[in-house]
Amino acid sequence: PLLTSCVASVTEPNEAVSARIIFSTTSSVIQRVDSFDFGVAAVGGYYDVDLYLVNIGPTEARTIVDKSLSAQSFIFKGGSYPGTGGDCGSILGINQSCKIVLRFSAASTATYEGVITLGYDDIANGAKESSLPVKGKGGTPASLAISDGP
């Protein structure tokens, strides 16, 4: 047989075969979070939280990096990904999870909002991102007065 014509078809990358990182309050997908509220942190103080990254895609997530947190009220504890006490590296395997540690600190009694964005690559579709909106509120620090009389 002789080929007399050929039609090529170009399709978009298949998301079904991509690494996909989600955020969770545990190391399982059952406690997935689409946003996170730190609650109240005293002005001048801070509130730390452990969150987990879970790769629910069928390929490894590689070269995981922080693309969002710098000089904001929401940072990785200690200043860099994955945060002091976190155990994430630059690769997250299929159906694997790891821990990140985030810190919220308030400079005033305002409401703060931000977005945590992590960049990563997978072998199927290249560069990807996962984001988590976060918020917190600054509160007036407690005070205690002690006296020896009425």
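Here, the structure is the one placed above.
Presented here is a report on the structure given in the accompanying data block. Since the structure is predicted, the reported quantities are computational estimates derived from the model, not experimental observations.

With respect to the pattern of salt bridges
- Under the defined criterion, the tally for this structure stands at six salt bridges.
- Between Asp50 and Lys99 there is a salt bridge; the shortest N-O distance is 3.8 Å. With Asp50 in strand S4 (residues 46–55) and Lys99 in strand S8 (residues 97–105), this residue pair connects regions lying 49 residues apart in the sequence.
- Of the charged contacts in the structure, one is a salt bridge between Glu129 and Lys67, with a shortest N-O distance of 2.8 Å. You can see Glu129 sitting in strand S10 (residues 126–139) and its partner Lys67 sitting in the loop between strand S5 (61–66) and strand S6 (74–76), a full 62 residues away along the chain.
- Using a relative accessible area of 48% as the deciding quantity, one classes Glu129 as partly exposed.

Description of the packing of aromatic side chains
- Inspection of every chain in the model, using the stated rule, returns seven aromatic pairs.
- Arranged with centres 5.7 Å apart and planes meeting at 90°, the rings of Phe76 and Tyr81 form a pair that is edge-to-face.
- By relative accessible area, which is 1% here, Phe76 ends up buried.
- Aromatic pair Phe104 and Tyr112: ring centres 5.7 Å apart, planes at 65°, arrangement edge-to-face. Tyr112 carries the same exposure label as Phe104, and that label is buried.
- In textbook terms, an aromatic cluster arises when at least three aromatic residues are bridged by ring pairs, as seen for Phe36, Phe38, Tyr47, Phe74, Phe104 and Tyr112.
- Taking the ring centre of Tyr46 as reference, the NZ or CZ of Arg103 above it sits at 3.6 Å.

Quick notes on the side chain of Lys99
- At 3.3 Å, the side chain of Lys99 forms a polar contact with the backbone oxygen of Gly85.
- Not counting the four nearest positions on each side in its chain, Lys99 is found in contact with Asp50, Leu51, Tyr52, Pro82, Gly85, Gly86, Asp87 and Cys88.

Considering the pairing of strand S9 (residues 111–122)
- Sheet topology places S5 next to S9; three bridges connect them, and they run antiparallel. Paired with Val65 across the bridge in S9 is Gly119.
- Counting the residues in the hairpin turn of S9 and S10 gives three residues.

Overview of the sheet that holds S4
- Across the sheet, five strands lie side by side as S2-S1-S4-S8-S6; this open sheet has antiparallel pairing. With one partner strand each, in any of the chains shown, strand S2 (32–33) and S6 form the two edges of the open sheet.
- Where S6 and S8 come together, three bridges link them in antiparallel fashion. Looking across to S8, one finds that Ile75 is bridged to Arg103.

Reading the values: the criteria
Residues numbered from 1 in each chain as written. Predicted model: local features only at pLDDT ≥ 70, side-chain atom pairs only at ≥ 80, totals over all residues. Heavy atoms only, no water. Salt bridge = Lys/Arg side-chain N within 4 Å of Asp/Glu carboxyl O. Helix = DSSP H or I, 4+ residues; strand = E, 2+ residues; numbered from the N terminus. Buried < 20%, exposed > 50% of the residue type's maximum accessible area, 1.4 Å probe, protein only. Phe/Tyr/Trp six-rings, centres within 6.5 Å; stacked < 30°, edge-to-face > 60°. Lys NZ or Arg CZ within 6 Å of the ring centre and 35° of its normal. Polar contact = N/O pair within 3.5 Å; in protein donor to acceptor, adjacent residues only side chain to side chain. Contact = heavy atoms within 4.5 Å. Pairing = 2+ DSSP bridges.

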